[in-house]
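Observations on chain architecture
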Amino acid sequence: MNLDKYDCFTDTAYASFSFDSIGPNGTIKKIVNYQPIPDAVWPDGRQVINLGFGDWNEEEQKVDDSTGSNNQDRDKVLATVACTIISYCDKHGNLPIFAQGSSPARTRLYQMGINAHLVEVEKLFIVYGLFNGVWKTFEPGFNYDAFLVVKK
């Protein structure tokens with residue numbers, strides 16, 4: 001993707017990634033974790049993988065997916081997350097990646113990021129949205145409940 005993104009770091013299994021968001025609220029460590037969803041398979045039999053994302057809470061030593069850091073770098077953060085999907089799939093195969101915000105507002109934020117860069121996103125991924133309980137090819141104009149991407 002030709003979008004501005006942060007440098008990120010991964011564990012040896014390419015299942016957890018970290019990077020720093022830098023903006024008016026300071027430097028905020030972001031974590032992206034990938035885990036298989038038990039009993040979730042795509043129609044072609046591939047295991048579905050959950051993308052977990054949030055801010056690292058140093059005090060509690062865990063990822064917090066409910067905080068909004070408002071560091072004015074949404075597009076750069078989302079581009080960085082997209083790059084972790086590419087890295088994950090390069091290592092583990094083109095598995096379907098499931099993403100859903102921790103709230104409807106957060107899911108909507110993700111959708112706005114996808115919409116804003118749909119041409120770039122669709123060069124690399126097939127994007128699906130969950131609408132009224134049904135997976136459909138992503139189209140602007142719908143309010144999706146979750147997303148699933150498959151690297152091309």
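Our subject is the structure listed above.
None of the values given here were measured: they were computed from a predicted structure. (Residues numbered from 1 in each chain as written. Predicted model: local features only at pLDDT ≥ 70, side-chain atom pairs only at ≥ 80, totals over all residues. Heavy atoms only, no water.)

**As for unusual backbone geometry**
In this structure, Asn70 is a non-glycine residue whose phi angle is positive, near 45°. Here Asn70 is to be found in the loop between β5 (62-64) and α1 (74-92). In this structure Asn70 comes out as exposed when scored by relative accessible area, which is 61%. (Helix = DSSP H or I, 4+ residues; strand = E, 2+ residues; numbered from the N terminus. Buried < 20%, exposed > 50% of the residue type's maximum accessible area, 1.4 Å probe, protein only.)

**A word on the packing of aromatic side chains**
Counted according to the given criterion, the structure contains 13 aromatic pairs. Seen from their ring centres, Phe131 and Tyr144 are 6.3 Å apart, and the 75° between their planes marks the pair as edge-to-face. Taken together, the residues Phe131 in strand β7 (residues 125-131) and Tyr144 in the loop between β8 (134-137) and β9 (147-151) connect sequence positions 13 residues apart. Residue classification places Tyr144 among the buried positions, given a relative accessible area of 4%. Consider the rings of Phe138 and Tyr144, whose centres lie 5.1 Å apart with planes at 35°: the pair is tilted. (Phe/Tyr/Trp six-rings, centres within 6.5 Å; stacked < 30°, edge-to-face > 60°.)

**Focus on the pairing of β9**
Among the 5 residues in β9, 5 count as buried, and that is most of the element. Of the two faces of β9, the one lined by Phe147, Val149 and Lys151 and the one lined by Leu148 and Val150 are each fully buried. Sheet analysis places strand β6 (residues 97-99) next to β9, joined by 3 bridges and oriented antiparallel. For Ile97, the partnering residue across the bridge sits in β9 and is Val149. Across 5 bridges, β7 lies against β9 in antiparallel orientation. Paired with Phe125 across the strands is Lys151, a residue of β9. (Pairing = 2+ DSSP bridges.)

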